[in-house]
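Close look at the chain arrangement
Next come the chains, spelled out residue by residue.
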Amino acid sequence: MDLIICFDQFCIKNGYLLQRICEEIVSELSQGRPLRDGTVYVMPKDKCPQCSRVSDSTYAIFLHCPQDQTGLQYAYQFAHEFCHWLIGGDLSGRMVGLYWLEETVCEVASLYCLSRLREKWSVLDPTYPPCLVDKYLEWALSDGRPAAPLPLTGYIESHRGELYTPLYHRDLYSQMALALLPFFLRNPSLWTLLPHFGCLKDYDRPSDWLYTVRTSAPSELLPLCATLEVLVLGDPLPLHH
């Protein structure tokens, strides 16, 4: 994968900061595994952030951070959109099927990467106090409080009417993301499942989607599949679904 930053004029004070932030996030979410071929352009946008497919091998990640002078909002948005790219769904913006579950995982990616970058921020931007990084992280985490109960299946059922409608319910995604975040922080290898997620919009039931993830993932990742199944369903799926 080639990552090309296409900001003619950086909004943040250090012109190289965004490049370093994006590279750190790519490293965190790829977990050292090879990425598929393709070129990803990172560009500014005058509206909400988005990840789009331009062609079979070209993609665009649009970021909208007009007031950000620190790079933290760039990090939050890029982690979310790069997570969409790693999953590799249709990137159409359609709000069907389990689109809300993909949004939840991408919200986990934002919170995870902010948490991980906090440890490196004094190197990324020595001029910005870590206490202010902590303040931003606290703000980001506050959107998900109180966290959804685990496993997620009961929460999903209780909010089914909202989740399965073509409306964006960021508050619900944030609550589920906050519940999942500690498990990704303790076991970063869970991110290696992303390329096996497929198009979540093609599924209506989390169990059907999780079974497909299990059957597409290599054998060494099956314990991670079981962990994800327990987090969402409460139990690992049987060997034959």
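Figured I'd write up the structure that's included with this text. What you see is a predicted model; the values in this text were computed from it and never measured. (Residues numbered from 1 in each chain as written. Predicted model: local features only at pLDDT ≥ 70, side-chain atom pairs only at ≥ 80, totals over all residues. Heavy atoms only, no water.)

So, the overall build of the chain
Scanning the chain from N- to C-terminus turns up 10 helices and 4 strands. Relative to a compact globule of 241 residues, whose C-alpha radius of gyration would be 18 Å, the chain shows 17 Å and is just as compact. Projecting the C-alpha coordinates of the chain onto the three principal axes gives extents of approximately 55 × 40 × 35 Å. Relative to its 241 residues, the chain shows a buried fraction of 50%. Put simply, 69% of the contacts in the chain that link residues at least 6 apart link residues at least 24 apart. For the chain, the computed accessible surface area is about 11100 Å², with 55% contributed by carbon and sulfur atoms. Averaging the locations of the 19 positively and 28 negatively charged side chains of the chain gives two centres separated by 2 Å. (Helix = DSSP H or I, 4+ residues; strand = E, 2+ residues; numbered from the N terminus. Rg over C-alpha atoms; globule rule 2.2 N^0.38 Å. Buried < 20%, exposed > 50% of the residue type's maximum accessible area, 1.4 Å probe, protein only. Contact = heavy atoms within 4.5 Å. Areas by Shrake-Rupley, 256 points an atom, 1.4 Å probe, with all protein chains shown as cover. Lys, Arg positive; Asp, Glu negative; His and termini not counted. Charge placed at Lys NZ, Arg CZ, Asp CG, Glu CD.)

Points about the nonpolar core
By size, the foremost hydrophobic cluster in this structure holds 82 residues, and its most contacted members are L29, F78, W191, F197 and W209. Here the element with the most residues in this core is helix 3 (residues 99-118); it accounts for 12 residues. (Core = buried A, V, L, I, M, F, W, Y, C linked by side-chain atoms within 4.5 Å.)

Details of the packing of helix 2 (residues 72-87) against helix 3
Where helix 2 meets helix 3, the closest approach of the two axes is 8 Å, and the angle between their N-to-C directions is 135°. Between helix 2 and helix 3, the crossing angle belongs to the class labelled oblique. The handedness of the crossing between helix 2 and helix 3 comes out as right-handed. Each of L72, A75, Y76, A79, H80, C83, H84 and I87 in helix 2 lies in contact with helix 3, whose residues at this interface are E102, E103, V105, C106, E107, A109, S110, L111, C113, L114 and L117. When grouped by side-chain class, the residues that make up the contact of helix 2 with helix 3 number 13 nonpolar, 3 polar and 3 charged. (Axes fitted to C-alpha atoms, helices over the stretch in contact; angles between N-to-C directions. Parallel < 35°, antiparallel > 145°, perpendicular 65-115°, else oblique. Left-handed = near helix turned anticlockwise from the far one by under 90°. Nonpolar A, V, L, I, M, F, W, Y, C, P; charged D, E, K, R; others polar.)

Description of the pattern of salt bridges
For the structure shown, the criterion picks out 13 salt bridges. A salt bridge links R116 to E28; the nearest nitrogen and oxygen atoms lie 3.2 Å apart. Here R116, found in helix 3, pairs with E28, found in helix 1 (residues 17-30); they are 88 residues apart in sequence, far enough to count as distant. Among the residues examined, E28 registers a relative accessible area of 7% and is labelled buried. Where R205 meets D208, a salt bridge forms, and the shortest distance between an N and an O atom there is 3.0 Å. Its relative accessible area of 47% is what places R205 among the partly exposed residues. Overall, the relative accessible area of 25% leaves D208 in the partly exposed class. A cluster of three or more residues bridged by salt bridges with shared partners is formed by E24, E28, R116, E119 and K120. (Salt bridge = Lys/Arg side-chain N within 4 Å of Asp/Glu carboxyl O.)

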